[in-house]
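# Architecture at a glance
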Amino acid sequence: MRLLLLVSLLAVLSTLLPLSHPPYQVQASHGGLMELREGDLLFRAGRGWRAEVVRTASNSILTHVGIVDVADDGQVYIIHAEPPEGSRAGRVRRQSLEVFAGSQQATALIAYRPALTEKVLSRAVSAARRASDLALPFDDEFDLKSDEAMYCSELIWKAFVEAGVPLKLVQTHITFPGKTGYYLMPEDIMAMIPGHQI
């Protein structure tokens, strides 16, 4: 009961936060519209063998996460740490919403609105943008202690920590050949950052 009340309260409070950018509506995979704002998180159920490994190891449909960055001209981008694919090197990149959410990449999307101030969200986006500008490589070791490379959940976690959000680290225990231990998974981001699905 208290959890339901807290979630409802956070949802109401997040709608009261001021916006400098209007919301941008995009077609969702379920056929409806999602309104994305700067600092929203976009989770996807991905396609391909890497997504299947994450799905199997974490027991979650969520396999990837990025943060919404709205350009001055209104174009919506997603900043995320993308693993290598074919001859394309994995790295932190700023990608159009259409590419990030395209049917070749995703089977489903979940948009998540952090219940934080616009100022904090802007700082988190700026931190993620810096990682993209540096083209930090993808972190194949999934090592949270190093800032030399990042994977998707690590990028989002570190962006919010750098923005001043005191996050208690939540990790999922993974039992998978060569990667048994606790790892920060996309679903863990939702558990750490207060907010709601949109």
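In every chain, residue numbers begin from 1 and rise along the written sequence. In view of the model being predicted, local features appear only for residues whose pLDDT reaches at least 70, and side-chain atom pairs are presented and counted only at 80 or more, with totals across whole chains, interfaces and linings using the full set of residues. With hydrogens and water set aside, each side-chain value is computed from the structure's full complement of heavy atoms.

### Considering the pairing of strand β3 (residues 41-46)
Relative accessibility thresholds used throughout: buried, under 20% of the residue-type maximum; exposed, over 50%; partly exposed, between the two (1.4 Å probe, protein chains only). For helices the rule is a DSSP run of H or I covering at least 4 residues; for strands it is a run of E covering at least 2, with both sets numbered from the N terminus onward. Most of β3 sits inside the fold, with six of its six residues counted as buried. Neither face of β3 is exposed, since Leu 41, Phe 43 and Ala 45 on one face and Leu 42, Arg 44 and Gly 46 on the opposite face are all buried. In short, DSSP must find at least two bridges between two strands for them to pair. Relative to strand β4 (residues 64-70), β3 runs antiparallel, the two being bridged by four bridges. Within β4, the position partnered with Leu 42 by the bridge is Gly 66.

### Here's the deal with the packing of helix α4 (residues 118-133) against helix α5 (residues 152-162)
For any two helices packed against each other, the geometry is given by the interaxial angle and the distance between the axes. In contact at an axis separation of 8 Å, α4 and α5 are set at 130° when each is read in the N-to-C sense. In this view, α4 runs oblique relative to α5, as classed from their interaxial angle. The two elements α4 and α5 meet at a crossing, and its hand is right-handed. Residues Leu 121, Ala 124, Ala 127, Ala 128, Arg 130 and Ala 131 of α4 lie in contact with α5, whose contacting residues are Leu 155, Ala 159, Phe 160 and Glu 162. Residues are grouped as follows: nonpolar covers Ala, Val, Leu, Ile, Met, Phe, Trp, Tyr, Cys and Pro; charged covers Asp, Glu, Lys and Arg; every other residue, Gly included, is treated as polar. For the contact of α4 with α5, the class distribution of residues is eight nonpolar, no polar and two charged. Helix axes are fitted to C-alpha atoms over the stretch in contact, other axes to C-alpha atoms as well, and angles between N-to-C directions run from 0 to 180 degrees. Under this scheme an angle from 65 to 115 degrees is roughly perpendicular, one under 35 degrees roughly parallel, and one over 145 degrees roughly antiparallel; angles in between are oblique. Crossing handedness is defined as follows: a turn of the near helix away from the far one that is anticlockwise and smaller than a right angle gives a left-handed crossing, while the clockwise case is right-handed. Residue contacts are defined here by distance: any two heavy atoms, one from each residue, within 4.5 Å place the two residues in contact.

### With respect to the confidence of the model for the chain
Averaged over all residues, the pLDDT of the chain is 84; the fraction at 70 or higher stands at 83%. The pLDDT value expresses, per residue, how confident the predictor is, ranging between 0 and 100. Confidence drops under pLDDT 50 across residues 1-30; counting only partners more than four residues distant or on other chains, this segment forms 40 contacts.

### Examining the packing of aromatic side chains
For Phe, Tyr and Trp, rings pair up if their centres lie within 6.5 Å, where Trp contributes its six-membered ring, and each pair is then called stacked (planes under 30 degrees apart), edge-to-face (over 60) or tilted (otherwise). Tallying each qualifying case throughout the model produces four aromatic pairs. Both rings, one in Phe 43 and one in Tyr 112, keep their centres 6.3 Å apart while their planes meet at 90°; by these two values the pair is edge-to-face. Remark: Tyr 112 occurs in strand β7 (residues 106-114) and Phe 43 occurs in strand β3; sequence separation between them is 69 residues. Each of the two residues, Phe 43 as well as Tyr 112, counts as buried. Counting every residue linked through ring pairs, the aromatic cluster contains Phe 138, Phe 142, Tyr 151 and Tyr 183. Whether a charge sits over a ring comes down to the Lys NZ or Arg CZ being within 6 Å of the ring centre and within 35 degrees of the ring normal. Here Arg 44 stacks its cationic end above the ring of Phe 100, 4.4 Å away from the centre of that ring. A cation over a ring is seen here: Arg 94 above Tyr 77, with NZ or CZ 3.9 Å from the ring centre.

### Focus: the nonpolar core
We define a nonpolar core as any set of buried Ala, Val, Leu, Ile, Met, Phe, Trp, Tyr and Cys residues linked to one another through side-chain atoms lying within 4.5 Å. Core analysis: the largest hydrophobic core is formed by 37 residues, its most contacted members being Leu 41, Phe 43, Ile 67, Phe 160, Ile 189 and Ile 193. Where this core is concerned, the elements lending two or more residues are β3, β4, β5 (76-82), β7, α4, α5 and α6 (186-192). Examining the composition of this core, we find that seven residues originate from one element, α4, more than from any other. Setting aside its immediate chain neighbours within four residues, Ile 67 contacts Gly 39, Asp 40, Leu 41, Tyr 77, Ile 78, Ile 79, Ala 124, Val 125, Ala 128, Ile 156 and Phe 160.

### Thoughts on the environment of Lys 168
Positionally, Lys 168 belongs in the loop between α5 and β8 (172-174). Overall, Lys 168 belongs to the exposed group, its relative accessible area being 69%.

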